Protein chains: 4
Amino acid sequence: MMNMTAQMMDSSLAMKSMSGLDMAAMQDLIECCSACEQACTVCADDMMAMGMTGMSKCMSMCLDCADMTHTMMRMMLRPSGYDMQVMMAQMDSCMKMCTACADECMMHAEMSEECKMCAEACRQCAAACERMMSAMKTMMPLK
Amino acid sequence: MMNMTAQMMDSSLAMKSMSGLDMAAMQDLIECCSACEQACTVCADDMMAMGMTGMSKCMSMCLDCADMTHTMMRMMLRPSGYDMQVMMAQMDSCMKMCTACADECMMHAEMSEECKMCAEACRQCAAACERMMSAMKTMMPLK
Amino acid sequence: MMNMTAQMMDSSLAMKSMSGLDMAAMQDLIECCSACEQACTVCADDMMAMGMTGMSKCMSMCLDCADMTHTMMRMMLRPSGYDMQVMMAQMDSCMKMCTACADECMMHAEMSEECKMCAEACRQCAAACERMMSAMKTMMPLK
Amino acid sequence: MMNMTAQMMDSSLAMKSMSGLDMAAMQDLIECCSACEQACTVCADDMMAMGMTGMSKCMSMCLDCADMTHTMMRMMLRPSGYDMQVMMAQMDSCMKMCTACADECMMHAEMSEECKMCAEACRQCAAACERMMSAMKTMMPLK
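Computed from a prediction, not measured in an experiment: that's the story for all the values here.

Calculation rules
- Residues numbered from 1 in each chain as written.
- Chains lettered and ligands numbered in written order.
- Predicted model: local features only at pLDDT ≥ 70, side-chain atom pairs only at ≥ 80, totals over all residues.
- Heavy atoms only, no water.
- Least-squares fit on C-alpha atoms with pLDDT ≥ 70 in both.
- Contact = heavy atoms within 4.5 Å.
- Buried area = accessible area lost by both parts, 1.4 Å probe.
- Salt bridge = Lys/Arg side-chain N within 4 Å of Asp/Glu carboxyl O.
- Polar contact = N/O pair within 3.5 Å; in protein donor to acceptor, adjacent residues only side chain to side chain.
- Helix = DSSP H or I, 4+ residues; strand = E, 2+ residues; numbered from the N terminus.
- Nonpolar A, V, L, I, M, F, W, Y, C, P; charged D, E, K, R; others polar.
- Buried < 20%, exposed > 50% of the residue type's maximum accessible area, 1.4 Å probe, protein only.

1. Thoughts on the relation of the copies chain B and chain D
Here comes step 1: Structural alignment of chain B on chain D gives an RMSD of 0.0 Å, achieved by rotating through 180 degrees and translating 0.0 Å along the axis. What the superposition gives is, in effect, a two-fold axis relating one chain to the other. Identified as the residue of chain B closest to the rotation axis by C-alpha distance is Gly51 of chain B, at 3.4 Å.
Here comes step 2: Looking at chain B, 100% of its interface residues are interface residues in chain D too, so the copies touch through the same face.

Have a look at this one:
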């Protein structure tokens with residue numbers, strides 16, 4: 001069953017005029033970004049509550065990652081403005097952010113269940129970026 | 001089955017120290033805010049693609065509503081900082097925004113399937129705000 | 001001298017069709033929201049770096065306040081969608097958020113220069129909300 | 001005279017532990033991102049009010065650019081989480097977004113004073129990204 005966002009994207013005018021875009025990969029990325037933003041936000045808040053030293057980099061990266069995945073999601077949701085070169089650059093940036101944040105979170109996975117779950121959401125989002133980038137590369141010859 | 005955000009909220013330190021909060025109503029509001037932000041973002045983009053006159057107020061309100069529900073969601077995801085009076089004020093504001101946006105979108109529901117779906121997402125989010133406000137009023141004596 | 005945002009607001013079509021709005025109060029609020037968002041973001045990051053216990057509420061509220069003032073600013077920057085009742089509700093919410101965040105930050109003002117400056121930015125933003133609300137109440141009979 | 005954000009960045013703990021970062025270039029980028037986000041937000045709203053056809057791509061790109069520059073700004077404001085490779089990728093993405101948005105806006109510069117001013121803000125932000133990237137490349141050997 002399709003969720004409402006997928007339905008709206010599917011029936012939007014700007015999407016109809018496009019061809020060759022892998023809609024499944026895009027919808028997957030939208031959902032992974034949304035889940036990752038939420039996980040990073042809760043994870044940062046939980047680390048604040050723990051009040052342990054040595055977690056400042058992780059907290060700060062989680063906040064960056066939440067903002068980055070949010071922006072990535074918003075860009076996907078606006079087909080009228082798609083610019084493939086900008087999209088590719090942002091997916092690359094988002095993938096690097098999610099990977100770096102997952103690595104940082106994994107350093108506290110033993111101490112914090114939240115960090116472990118957050119790292120998992122980041123890894124899934126990085127993988128979704130990678131799949132979408134591959135799909136876009138196949139589709140069009142980028143300069 | 002719980003999604004990951006619900007699981008993380010449930011096991012977060014700051015949530016554990018709270019009692020009396022209606023977790024089901026909160027999780028529902030988080031999901032409604034996320035769905036509403038996405039619907040409003042796609043809806044605004046689709047109206048841009050339609051290029052019809054008379055839709056500027058609707059587009060602009062959809063963008064406001066996307067930002068507002070996003071902020072509401074983020075506040076819910078940060079239990080360490082909960083301040084009940086601020087939360088109530090923001091839920092009131094969010095409910096009014098969603099209701100106004102739904103009313104505006106319904107004026108174009110005949111012309112645009114996206115506006116119709118967006119109005120539905122806004123109504124659901126307004127209702128979720130209202131339920132959460134009721135739950136919070138029961139729970140605590142607000143000054 | 002006007003900054004670029006003020007110039008753009010001044011010459012925007014939707015603003016021209018409005019009358020009675022206090023443009024100076026609005027521009028002041030836009031600038032206070034922007035400054036407050038920046039101050040709250042840096043302040044939260046600095047508290048993370050300090051790694052002291054007892055600051056989780058303050059950090060979390062700073063993040064909420066950054067998102068809230070950002071949304072308030074965006075709404076002001078979109079005159080096509082102005083809905084006075086929603087604006088009033090959001091200003092009320094924003095004012096309460098900034099006041100609560102300032103109070104929390106002031107509790108660490110002795111230990112942290114950042115918290116002291118952040119509290120000042122929050123207070124200024126709360127005051128700008130209040131001035132704008134007064135200006136709007138004078139202008140129109142709200143139901 | 002320094003503004004408050006620059007003062008706070010300057011005295012933040014995480015900044016003190018860093019060396020070699022070009023603080024002037026960073027502060028410039030923060031201000032350019034903030035100005036660009038505001039310009040893009042007003043510009044998109046004004047195009048909505050104009051209700052002309054053929055502007056959907058420009059409106060949608062302005063919204064993307066507003067979200068992107070906002071995220072870029074937030075990342076700069078969080079020194080505790082700096083990861084140089086992620087920063088470089090996001091600056092590259094932000095520079096491409098601002099350049100593409102400026103190009104699109106310049107296509108309507110004759111019709112719209114807002115598009116002309118917005119294009120100028122985008123160009124300045126792209127240039128600020130480029131200067132910061134150069135400063136960072138000089139500073140450290142990136143893998």
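2. Looking at the interface of chain B and chain D
Here comes step 1: With ten residues of chain B at the contact, the number on the chain D side is ten residues.
Here comes step 2: Counting the surface lost from both chain B and chain D, the interface buries some 770 Å², and carbon and sulfur atoms represent 65% of this.
Here comes step 3: There are zero salt bridges connecting chain B and chain D.
Here comes step 4: The interface formed by chain B and chain D includes two residue pairs in polar contact (both at pLDDT 80 or more).
Here comes step 5: Put simply, the parts of the chain that give the side of chain B that touches chain D at least two residues each are helix H3 (23-50) and helix H4 (56-76) of chain B.
Here comes step 6: Within the side of chain B that touches chain D, the residues separate by chemical class into four nonpolar, four polar and two charged.

3. Remarks on the pattern of salt bridges
Here comes step 1: This model, assessed by the stated rule, comprises 32 salt bridges over all chains.
Here comes step 2: Measuring nitrogen to oxygen at the nearest pair gives 2.9 Å for the salt bridge that ties Asp67 of chain D to Arg74 of chain C. Taken as a pair, Asp67 of chain D in helix H4 (residues 56-76) and Arg74 of chain C in helix H4 (residues 56-76) lie in two separate chains rather than in one.
Here comes step 3: Accessibility expressed as a relative area gives 5% for Asp67 of chain D, which makes it buried.
Here comes step 4: One salt bridge in this structure joins Asp103 of chain D and Arg123 of chain D, with 2.9 Å as the shortest N-O distance. With Asp103 of chain D in helix H5 (residues 84-106) and Arg123 of chain D in helix H6 (residues 113-139), this pair connects stretches of sequence that are 20 residues apart.
Here comes step 5: One connected set of salt bridges, linked through shared partners, spans Glu37, Asp64 and Asp67 of chain A, Arg74 and Arg78 of chain B, Glu37, Asp64 and Asp67 of chain C together with Arg74 and Arg78 of chain D.

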